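One-letter residues, chain by chain:
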Protein chains: 2
Amino acid sequence: MSFSPLIRQLIDALRILPGVGQKTAQRMALQMLERDRSGALRLAQALTRAMEGVGYCRCCRTLSEDELCPQCSDPRRDDALLCVVEGPMDVFAVEQTGYRGRYFVLKGHLSPLDGLGPEAIGIPELEARIGQGAFAEVILATNPTVEGEATAHYIAQMLAPRGLTVSRIAHGVPLGGELELVDGGTLAHAMAGRRPMGC
Amino acid sequence: MSFSPLIRQLIDALRILPGVGQKTAQRMALQMLERDRSGALRLAQALTRAMEGVGYCRCCRTLSEDELCPQCSDPRRDDALLCVVEGPMDVFAVEQTGYRGRYFVLKGHLSPLDGLGPEAIGIPELEARIGQGAFAEVILATNPTVEGEATAHYIAQMLAPRGLTVSRIAHGVPLGGELELVDGGTLAHAMAGRRPMGC
């Protein structure tokens, strides 16, 4: 079977999307062609504009089309709090918790085997940012993976001489679900991190 | 939380893709911005070209950028066989079986409740196509759903006076899997359609 060339090129191009394989790409391409051509043209325009217009925030280094992202340019946020995350998607996740301090976005995590040292992920820029600001607390919200933990430890050690509070987001059992399904490591963290209950 | 406007517009535009909700669209948008901007620009171009360039094959009515699709323009295919399907994606599925006859692509199936009668799905065009050709057999490969069956029956009745063989793809148990997982209706079809085994 051969799709005609333009359809084939569209199917191939759709496969750059994360989680989209050959079959999904075919379905996407044919569905757009049959049902929503104007939506597809709007998507093409949005893609072009975003890829050409979006850069990085000068201050927190998240993705932003302006020199300062909405979080950095908002004067009502708490200038004493800095939350360090691995990527722009994490900013979105932390925002949903109601956090209203500032952010710093690393370029991923330390990964010496892949040649990603402190410079590659933006640790010097983080140090500079902390030097400029008047932060009372730095919250390390890197991922709860081996690399994320190592990155958090590295930053905590680096910040130790500065005399500000450096905290790490808590590990424990997630809300919902059942205790017997939680892995041993997580449960051990939840036990060690237990807290007195108010009545 | 607010993404900057261009990113937000991109996320909204991605949601026209089938199976893509808010969260997947966010991941797609940020991943393209962070890792593959040139691929995203190629995708934008492929989208524009396909939406503006692809029409319908004059003969079988599948999606095609040329007046005749690859299947209709191939002189080596069997002109005595016509396979009737519900959409362009089905042409692709049937091609993979090794079928090398001709096709006719309906616009879906009959659905009186939605106001889709014979004219809406292209039955008159199918009749005209069969009148022009010299087909010995018409294979009805509409979906094995209630609407697909009804559509197949309608076409079979319409073609009855013409004296050509009209066949329907077989219903039965799919390959792989276990008999106890097959639904009763399918198994009943498989029993009724049993065939003598060669040794």
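Residues numbered from 1 in each chain as written. Chains lettered and ligands numbered in written order. Predicted model: local features only at pLDDT ≥ 70, side-chain atom pairs only at ≥ 80, totals over all residues. Heavy atoms only, no water.

### Here's the deal with the UniProt feature "zinc finger region: C4-type" (unreviewed entry) in chain A
Right, so step 1: If you check UniProt for "zinc finger region: C4-type" (unreviewed entry), the listed places come out as residues 57–72 of chain A in our numbering.
Right, so step 2: End C-alpha atoms of residues 57–72 of chain A are separated by 8 Å, and the span's content is 19% helix alongside 12% strand. (UniProt positions renumbered as here; feature names shortened; annotations may be inferred. Helix = DSSP H or I, 4+ residues; strand = E, 2+ residues; numbered from the N terminus.)

### Some thoughts on the sheet that holds strand β4 (residues 102–105) of chain B
In any sheet, the strands associate via hydrogen bonds between backbone groups, in a parallel or an antiparallel arrangement.
Residue and element names in this part refer to chain B.
Right, so step 1: Pairing in this open sheet of 4 strands is parallel, and the strands run β4-β3-β5-β6 from one edge to the other. Among the strands making up the open sheet, the edge pair consists of β4 and β6 (165–168). Each strand axis lies, on average, 25° off the axis of its neighbour in the sheet, ignoring direction.
Right, so step 2: Packed onto the sheet, helix α5 (residues 88–95) meets β3 (81–85) and β4 and runs at close to 155° relative to β4. (Pairing = 2+ DSSP bridges. Axes fitted to C-alpha atoms, helices over the stretch in contact; angles between N-to-C directions. Contact = heavy atoms within 4.5 Å.)

### So, the side chain of B:Glu86
Residue and element names in this part refer to chain B.
Right, so step 1: Along the chain, the position of Glu 86 falls in the loop between β3 and α5.
Right, so step 2: Lacking a salt bridge, the buried Glu 86 has Arg 168 as its closest oppositely charged neighbour, with an N-O distance of 6.6 Å.
Right, so step 3: A distance of 2.9 Å separates a polar atom in the side chain of Glu 86 from the backbone nitrogen of Asn 143.
Right, so step 4: The residues touching Glu 86, leaving out its near neighbours within four places in the chain, are Val 105, Leu 106, Lys 107, Gly 108, His 109, Thr 142, Asn 143 and Gly 148. (Buried < 20%, exposed > 50% of the residue type's maximum accessible area, 1.4 Å probe, protein only. Lys, Arg positive; Asp, Glu negative; His and termini not counted. Salt bridge = Lys/Arg side-chain N within 4 Å of Asp/Glu carboxyl O. Polar contact = N/O pair within 3.5 Å; in protein donor to acceptor, adjacent residues only side chain to side chain.)

### Overview of the domain arrangement of chain A
Right, so step 1: You can read the domains of chain A as domain 1 (1–29) and domain 2 (77–168).
Right, so step 2: When each unit is reduced to the centre of its C-alpha atoms, the spacing between domain 1 of chain A and domain 2 of chain A is 38 Å. (Domains from an automatic or database assignment.)

### Overview of the relation of the copies chain A and chain B
Right, so step 1: Of the transformation superimposing chain A on chain B, the axial component is 0.0 Å and the angular component is 180°, with the fit at an RMSD of 0.0 Å. Taken together, the rotation and translation describe the operation of a two-fold axis. Using C-alpha coordinates, one finds that chain A approaches the rotation axis most closely at A:Ala44, a distance of 2.0 Å.
Right, so step 2: Looking at the interface residues of chain A, 100% of them are also at the interface in chain B, so both copies use one shared face. (Least-squares fit on C-alpha atoms with pLDDT ≥ 70 in both.)

### Overview of the nonpolar core
Right, so step 1: Membership of the largest hydrophobic core comes to 50 residues, with the highest contact counts inside it found for A:Leu14, A:Leu47, B:Leu14, B:Leu17 and B:Leu47.
Right, so step 2: Listing elements by their share of this core, those giving two or more residues are α1 (5–14), α2 (22–35) and α3 (37–53) of chain A together with α1 (5–14), α2 (22–35) and α3 (37–53) of chain B.
Right, so step 3: Apart from the residues lying within four places of it in its own chain, the contact partners of A:Leu47 are B:Leu10, B:Met32, B:Ala40, B:Leu43, B:Ala44 and B:Leu47. (Core = buried A, V, L, I, M, F, W, Y, C linked by side-chain atoms within 4.5 Å.)

### Comments concerning helix α7 (residues 123–132) of chain A
All names here are of chain A.
Right, so step 1: The set of residues buried in α7 consists of Ile 123, Leu 126, Arg 129 and Ile 130. Buried residues in α7, looked at end-on, bunch into an arc of 115°, giving them a common side. Projecting away from the buried face of α7 at angles above 90 degrees are the exposed residues Gly 131 and Gln 132.
Right, so step 2: Close packing links the buried residues of α7 with β3 (78–85), β4 (101–105), α6 (118–121), β5 (137–140) and α8 (146–159). (Arc of directions from axis to C-beta.)

### What to know about the interface of chain A and chain B
Accessible area lost on assembly of the parts is the figure often given for the size of an interface.
Right, so step 1: Counting residues at the interface gives 52 residues for chain A, matched by 52 residues for chain B.
Right, so step 2: Across the interface of chain A and chain B, roughly 5300 Å² is buried in total on both sides, 73% from carbon and sulfur atoms.
Right, so step 3: Linking chain A to chain B there are 0 salt bridges.
Right, so step 4: The tally of links from chain A across to chain B stands at 8 residue pairs in polar contact (both at pLDDT 80 or more).
Right, so step 5: Of all the secondary structure elements, the ones that give two or more residues to the side of chain A that touches chain B are α1, α2, α3, β2 (63–64), α4 (70–73) and α5 (88–95) of chain A. (Buried area = accessible area lost by both parts, 1.4 Å probe.)

### A word on the UniProt feature "domain: Toprim" (unreviewed entry) in chain A
Right, so step 1: When the UniProt feature table is mapped onto this chain numbering, "domain: Toprim" (unreviewed entry) sits at residues 80–174 of chain A.
Right, so step 2: Taken end to end, residues 80–174 of chain A is 38% helix and 20% strand, and its first and last C-alpha atoms sit 28 Å apart.

### Topic: the packing of aromatic side chains
Right, so step 1: According to the stated counting rule, one finds 4 aromatic pairs over all chains in the structure shown.
Right, so step 2: With centroids separated by 5.1 Å and ring planes inclined at 15°, the aromatic side chains of A:Phe3 and B:Phe92 adopt a geometry described as stacked. Residue A:Phe3 is found in the segment before α1, and its partner B:Phe92 is found in helix α5; the two belong to separate chains. Note on accessibility: A:Phe3 and B:Phe92 belong to one class, buried.
Right, so step 3: Ring geometry for A:Tyr99 against A:Tyr103: centres 5.2 Å apart, planes inclined by 70°, an arrangement best described as edge-to-face.
Right, so step 4: Using a relative accessible area of 1% as the deciding quantity, one classes A:Tyr103 as buried.
Right, so step 5: Directly above the aromatic system of B:Tyr56 lies the positively charged group of B:Lys107, at a separation of 4.2 Å from the ring centroid. (Phe/Tyr/Trp six-rings, centres within 6.5 Å; stacked < 30°, edge-to-face > 60°. Lys NZ or Arg CZ within 6 Å of the ring centre and 35° of its normal.)

### What about unusual backbone geometry?
Right, so step 1: With a phi angle near 70°, A:Arg61 is a residue other than glycine that sits in the positive phi range.
Right, so step 2: Looking at where A:Arg61 falls in the secondary structure, it is placed in the loop between β1 (55–56) and β2.

### Details of the sheet that holds β4(A)
Residues and elements named next belong to chain A.
Right, so step 1: With respect to topology, 4 strands assemble into an open sheet ordered β4-β3-β5-β6, the strand pairing being parallel. Each end of this open sheet is capped by a strand with a single partner; those strands are β4 and β6 (165–168). Taken over all neighbouring pairs, the strand axes of this sheet differ in orientation by 25° on average, direction set aside.
Right, so step 2: Across 4 bridges, the pairing between β5 and β6 is parallel. Residue pairing for β6: Val 138 is matched across the bridge by Val 166.
Right, so step 3: Here α7 sits on the sheet in contact with β3, β4 and β5, set at roughly 155° to β4.

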